[in-house]
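Letter by letter, the chains look like this.
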Amino acid sequence: MVISNSHINTSAEVFVASPWIPAEWIRAHGLQPRAILFAPGFGAEVGPLGAGICAFAQNSLRAAETAAQPAVVFSTHCDQLRRAFDAIGPGAGTRTFLFNIPVTTRASVTEKLFHAELGRLGKFLLGLGGRNPTAKVVARWVDEFSVARRCLRDAANLHVGRDYARAVARFHGDGSAGLPLTDLPLERKVTGSTRLAVVGGPLSPDDPLWDQIEDAGGCVVLNGTEWGERSLGFGTGLHDAYETASAEAPFPATLSQSFVEHCVDVFQRPNQRLYDWLAERLRARRVQGIVLWSYFGCDLWRAEAQTMREKFGLPLLWLEADESGSGAERQTNRIQAFVEALT
Ligand code: SF4
């Protein structure tokens, strides 16, 4: 099954460092939004970590500085990305933008801030050569992205592990929802495997972790990483709102409302919604253990390890991305031991 935005025909790519920067808003300006994971050379090599910047932020910085003609939208959801943005050299200044993502969950404040940021982002996109969108154009792209997200959310009950991670990553790359056809229920797919959730920061679908878990006898039935299922709530129910958009209720306001209602992330204060979102799915999918995955130096996720253990009462394995690759064997052994202990 493929829901495709392949008719997208633009060469002007805009890489975003957070799934909460609305791709449909960028697309409505005639530009191609893509997750920063798809930026040329992203993740190819990681230098020594300096100035307290995690590898994800460091790679984002490199993408902004070295790729040919990249436009990169950073976000303020953590200090490390903010620092990476501050470190960008002057040459990339007109092609980079810092989107202020509200961390408070107070609806009135958040909506106002997000709305203002959409306006600023729109101006930046026009500066890149984008078009000023009409309400009709915005409605079209909001609808397309909403349908793709809904399709992927529904598929979370049918697809597991790397397959599902790839499908969601592809959506963040080109807006499409493509999944292998299957009518095999999740229950039958996971028979004989240990049901795991992977929760945490940005995790590439090409990361060896997916195979390490499968080889150990585990099956990832919940992908709660940054670009995984957790990122797909945005845009829920938006199309109706756009169809009724009027001069009194200008269309970007509904994007702001959607962020307020559907953002689920570790940086939110308080971040109770993250725990509620996880609790519902951990229960429904009968998860036996949690793999908490984060980049080395990511304080936001590190701080949640103990709370997650206590709140969910499930065994939890905390893994930090190995920057040198020398710890791959150790990671494999730890995953094997974790899965064995659960069976
Ligand atoms: S991985 Fe953690 S430290 Fe790095 S940018 Fe994301 S939230 Fe920030």
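Residues numbered from 1 in each chain as written. Predicted model: local features only at pLDDT ≥ 70, side-chain atom pairs only at ≥ 80, totals over all residues. Heavy atoms only, no water.

Caption draft 1: How the structure looks around the site of the ligand. Around the ligand sit C54, F56, C78, Q80, L81, P202, Y295, C298 and L300, and those are all the residues in its vicinity. Residue classes in the shell around the ligand are distributed as 8 nonpolar, 1 polar and no charged. (Near = heavy atom within 4 Å. Nonpolar A, V, L, I, M, F, W, Y, C, P; charged D, E, K, R; others polar.)

Caption draft 2: Examining unusual backbone geometry more closely. A cis amide bond, omega -5°, links R269 with the succeeding residue P270. On the secondary structure map, P270 appears in the loop between α10 (252-262) and α11 (272-284). For R286, which is not glycine, the phi dihedral falls at a positive 50°. Relative to the elements of secondary structure, R286 occurs in the loop between α11 and β9 (289-294). (Helix = DSSP H or I, 4+ residues; strand = E, 2+ residues; numbered from the N terminus.)

Caption draft 3: Examining the state of the cysteines more closely. Going through the model one piece at a time under the given rule, you end up with 0 disulfides. The thiol of C151 is unpaired, and the distance to the nearest cysteine sulfur, on C219, comes to 19 Å. (Disulfide = S-S within 2.5 Å.)

Caption draft 4: Structural detail: the sheet that holds strand β10 (residues 316-320). Across the sheet, 4 strands lie side by side as β8-β7-β9-β10; this open sheet has parallel pairing. For this open sheet the edge positions go to β8 (218-224) and β10, each flanked by a neighbour on one side alone. Between one strand and the next, the sheet's axes are offset by a mean angle of 25°, whatever the strand orientation. Relative to β10, β9 is paired through 5 bridges, and the arrangement is parallel. Paired with W293 across the strands is L319, a residue of β10. (Pairing = 2+ DSSP bridges. Axes fitted to C-alpha atoms, helices over the stretch in contact; angles between N-to-C directions.)

Caption draft 5: A look at the packing of aromatic side chains. Within the structure shown, the criterion is met by 11 aromatic pairs. Note on F42 and F56: the rings are 5.7 Å apart at their centroids and 65° apart in plane angle, and the pair reads as edge-to-face. With F42 in the loop between β3 (32-35) and α2 (55-66) and F56 in helix α2, this pair connects stretches of sequence that are 14 residues apart. Like F42, the residue F56 is buried in the burial classification. One aromatic cluster is present, built from ring pairs that chain together W20, F99, F114 and F259. The ring of W141 carries R27 above its face, with NZ or CZ at 4.3 Å from the centroid. Here the guanidinium or amino end of K311 rests over the ring plane of Y275, the centre of that ring lying 4.9 Å away. (Phe/Tyr/Trp six-rings, centres within 6.5 Å; stacked < 30°, edge-to-face > 60°. Buried < 20%, exposed > 50% of the residue type's maximum accessible area, 1.4 Å probe, protein only. Lys NZ or Arg CZ within 6 Å of the ring centre and 35° of its normal.)

Caption draft 6: Expanded view of the nonpolar core. F56, V73, F99, L121, L278, L282 and M308 are the most contacted members of the largest nonpolar core, which totals 108 residues. Here this core takes 8 residues from helix α5 (residues 135-155), the largest share from any one element. When near neighbours in sequence (up to four residues on either side) are disregarded, M308 contacts V199, L274, Y275, L278, L292, W301, G313 and L316. (Core = buried A, V, L, I, M, F, W, Y, C linked by side-chain atoms within 4.5 Å. Contact = heavy atoms within 4.5 Å.)

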